[in-house]
Amino acid sequence: MNWLLLCRILGLLGMLIGGAMVFSLPWAFPALGQAERFESEGFLGLLASIGCAVGVGGGLFYLGRRAEASILRKEALAIVGLGWLLAGILGALPYIFSMSWRSSTAPMTLVDALFESVSGFTTTGASVITELEDPRSLPRCVLFWRSFTHWLGGMGIIVLFVALLGHLGAGGKALMRREVPGPISETVRPRIRETAILMWLIYVGLSLLLVVVLMLEGMTAYDALCHSFGTMATGGFSTRNQSIGAYQSSLIEATIVVFMVLAGTNFTLYYLGLHHQDESGRKRFRPSLKPFLRDPEFRMYLGVLLAASLALGLSLWSHEVYSSWTQIVRHSVFTAVSIMTTTGFGTEDFTRWSEFSKGLLLVLMFMGGCAGSTAGGLKVIRWILFFKILRLEIEQAFRPNVVRPLRVAKQNVENALRHEVMVYFALILLIAVGAWIALIAVESDTQWPDETRAEKMIDCASAVAATLNNIGPGVGVIGPHSNYAVFTPAGKLILTMLMLLGRLELFAILVLFLPTFWRSQ
């Protein structure tokens, strides 16, 4: 392991996190943040956090200032895994230094601060804050930082890091391949820094467009920014206790549905849809829907969203949950899109829906969005590959001599990718079951009332699914209008690790626990 190089890159990353906190400072002032008073504790807490983050980053950079070797696979895994751990720790500082642990409404412990920070960066949206709208709970500027961590983690802090730095060379590609979600082997541009810049430009453009639209629909600038961060990052942090449902606006809900679908789409398709390659091989600006229509993952993504919305709507109608078809369509579509894209926004408390509806939502949690998007979950393309592999294996049982290639979008899938997909599904299953048992073990039965104690197993399973797939809300005690405050510190640490595992798709975190990974040879 090249320790000097590791220190140098992590130092730069720490200073980047500290610099990002600066954007939250203006919201402590009444003129910009529309607050009733100057939030001195929040402002001073952010200043202290910036100083600590820059100090830690600067110290690490100084230690590794003489590093010269390039980033190889082992260093890339370590940088991504440790980088996200460092971001989670530094991101927790504003909660701690703003004296949120002294809050009279919802005191926040060190574990709570780490949980909230990691939940933000991993775009999970799970929260331990019980009163978002109470100014005594958290300063407004810290709540803005809470949402801003969503936006930074959505496209990826490492992708932003690669976009800002131009001297990483092939190491930048190694870093991005460890952070960008999904089994992606190709990039849209030959130069990796251009790819990172392009992805962030598309991300920023869609985010700004959503901010403008939400402001036109009645949101304040503060709320529009925070909900734009949560939507485009498919995170789900809101400024309201009842999430999007607090606005009681079908127009706002429809807008957010559209942008959640866009955020769950592979961002490579946006580039391909805006450019056309002429006969000379040059890329020219020419908008087209063909890349979207030809992509099997995108077609299945929309198909599953449509089918899930229809199934939820029929379930709501048959159980007479709502009196009108308008409400049925409105809530079924929003909830299906919010859960499958792993955003986690809510308009209604779906924990009171039928058991079929809640079961379907649990399935959608593991489905996820497209590879190369900001969505979590297992990704649609992996499910496509999984079922194709199963079909071939079943055929091999009665036709052992027949060899058929695995093809997706008219391209052969390499055996290495087939192996990776099956291993990933197996690891997800093992981690989910192991974490579920561990969570049940550390959680006291006395936390669940006698009449709901039988549901403890379901609540813990839902919490594991919601955090491992970076969704946030689940069923039971962690419904869309509830939070994770009920869990013990040990349980929150388990769920925090699950959020990191889900966001980085297992391997960048798992390798950190192998002693052989840290050896020089």
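Residues numbered from 1 in each chain as written. Predicted model: local features only at pLDDT ≥ 70, side-chain atom pairs only at ≥ 80, totals over all residues. Heavy atoms only, no water.

### Focus on the overall build of the protein chain
Per the secondary structure count, the protein chain includes 22 helices and four strands. Classification of the 521 residues of the protein chain by burial places 56% in the buried group. The long-range fraction of contacts in the protein chain, counting pairs at least 24 apart against all pairs at least 6 apart in sequence, stands at 72%. Split by element, the accessible area of the protein chain, about 22700 Å² in all, is 63% carbon and sulfur. (Helix = DSSP H or I, 4+ residues; strand = E, 2+ residues; numbered from the N terminus. Buried < 20%, exposed > 50% of the residue type's maximum accessible area, 1.4 Å probe, protein only. Contact = heavy atoms within 4.5 Å. Areas by Shrake-Rupley, 256 points an atom, 1.4 Å probe, with all protein chains shown as cover.)

### Section: the packing of aromatic side chains
All told, the structure shown has 31 aromatic pairs when counted by the stated rule. Ring centres 5.4 Å apart and planes at 65° place the aromatic pair Phe 292 and Phe 298 in the edge-to-face group. Among the residues examined, Phe 292 registers a relative accessible area of 11% and is labelled buried. Here the guanidinium or amino end of Arg 140 rests over the ring plane of Tyr 222, the centre of that ring lying 3.8 Å away. (Phe/Tyr/Trp six-rings, centres within 6.5 Å; stacked < 30°, edge-to-face > 60°. Lys NZ or Arg CZ within 6 Å of the ring centre and 35° of its normal.)

### As for empty space enclosed by the protein
Under the defined criterion, the tally for this structure stands at three cavities of 30 Å³ or more. Taken as a whole, the second largest cavity holds about 70 Å³ of empty space. Lining the second largest cavity are 12 residues, with Thr 374, Ala 375, Gly 376, Asn 470 and Arg 503 positioned closest to its centre. Of the residues assigned to the lining of the second largest cavity, the class counts are two nonpolar, eight polar and two charged. (1 Å grid on protein atoms, 1.4 Å probe; cavity = no way out; pocket = protein on both sides within 12 Å on 5 of 7 lines; lining within 4 Å. Points joined across faces, edges and corners; volume = space filled by probe spheres on them. Nonpolar A, V, L, I, M, F, W, Y, C, P; charged D, E, K, R; others polar.)

### Topic: the pattern of salt bridges
Evaluation of the coordinates by the stated rule reveals 10 salt bridges. Two residues, Glu 393 and Arg 418, come together in a salt bridge whose shortest N-O distance is 4.0 Å. Taken as a pair, Glu 393 in helix H18 (residues 380-398) and Arg 418 in helix H19 (residues 415-442) lie far apart in primary sequence, 25 residues in all. Take Glu 393: its relative accessible area is 45%, and that puts it in the partly exposed class. Among the charged side chains, a network of salt bridges with common partners joins Lys 379, Arg 382 and Glu 505. (Salt bridge = Lys/Arg side-chain N within 4 Å of Asp/Glu carboxyl O.)

### Points about helix H17 (residues 355-367)
Given a rise of 1.5 Å per residue, 13 residues ought to cover 18 Å, and the 19 Å separating the end C-alpha atoms of H17 matches this to within 8%. By the burial criterion, the buried members of H17 are Ser 357, Lys 358, Leu 360, Leu 361, Leu 364, Met 365 and Met 367. All buried residues of H17 project into a common sector of 160° when viewed along the axis, lining one side. In this structure, H17 carries Glu 355 and Val 363 as exposed residues pointing more than 90 degrees from its buried face. Trailing H17 by a residue or two, Gly 368 shows a phi angle of about 80°, which is positive. (Expected span 1.5 Å × (residues − 1). Arc of directions from axis to C-beta.)

### Overview of the packing of helix H7 (residues 140-155) against helix H11 (residues 221-232)
Where H7 contacts H11, the two axes come as close as 7 Å, and the packing angle between them is 30°. It follows from the interaxial angle that H7 and H11 lie roughly parallel. Taken as a pair, H7 and H11 cross one another with a handedness that is left-handed. Where H7 approaches H11, its residues Arg 140, Leu 143, Phe 144, Ser 147, Phe 148, His 150 and Trp 151 are matched on the opposing element by Tyr 222, Leu 225, Cys 226, Phe 229 and Gly 230. For the contact of H7 with H11, the class distribution of residues is eight nonpolar, three polar and one charged. (Axes fitted to C-alpha atoms, helices over the stretch in contact; angles between N-to-C directions. Parallel < 35°, antiparallel > 145°, perpendicular 65-115°, else oblique. Left-handed = near helix turned anticlockwise from the far one by under 90°.)

### What about the environment of Arg 146?
Within the fold, Arg 146 resides in helix H7. Not counting residues within four places of it along the chain, the set of residues in contact with Arg 146 comprises Tyr 95, Glu 116, Ser 127, Ile 129, Leu 132, Phe 237 and Ser 238. At 2.8 Å, the side chain of Arg 146 and the side chain of Glu 116 are in polar contact. (Polar contact = N/O pair within 3.5 Å; in protein donor to acceptor, adjacent residues only side chain to side chain.)

### Overview of a nonpolar patch on the surface
A cluster of nonpolar side chains, Leu 310, Leu 314, Trp 317, Trp 325 and Val 329, forms an exposed patch at the surface whose accessible area comes to about 560 Å². Listed by contribution, the elements that provide at least two residues to the nonpolar patch are helix H15 (296-318) and helix H16 (325-340). Top element by residues in the nonpolar patch is H15. It accounts for three residues. Inspection of the secondary structure puts Leu 310 in helix H15. (Patch = residues over 30% accessible without salt bridge, like charges linked within 9 Å, V, L, I, M, F, W, Y side chains within 5 Å.)

### Thoughts on H16
The end-to-end C-alpha separation of H16 is 22 Å, in line with the 22 Å expected for 16 residues at 1.5 Å each. Looking at the buried positions of H16, the neighbouring elements they touch are helix H12 (250-263), H15, H17 and H18. Where H16 ends, the next residue or the one after it, Thr 342, has phi of about 60°, a positive value.

### Some thoughts on the environment of Gly 153
Relative to the helices and strands, Gly 153 is located in helix H7. Residue class for Gly 153 comes out buried when judged on its relative accessible area of 0%. Distance from Gly 153 to Ala 87, taken between C-alpha atoms, is 9.6 Å for residues 66 residues apart in sequence. Once residues lying within four places of it in the same chain are set aside, the contact partners of Gly 153 are Trp 84, Phe 121, Thr 123 and Arg 503.

### Comments concerning the side chain of Ser 49
Within the fold, Ser 49 resides in helix H3 (residues 40-63). Residue classification places Ser 49 among the buried residues on the basis of a relative accessible area of 0%.

### Examining unusual backbone geometry
Positive phi, close to 60°, is recorded for Thr 342, a residue that is not glycine. Tracing the backbone through its elements, the reader meets Thr 342 in the loop between H16 and H17. Of note, Leu 506 is a non-glycine position whose phi angle comes to about 75°, a positive value.

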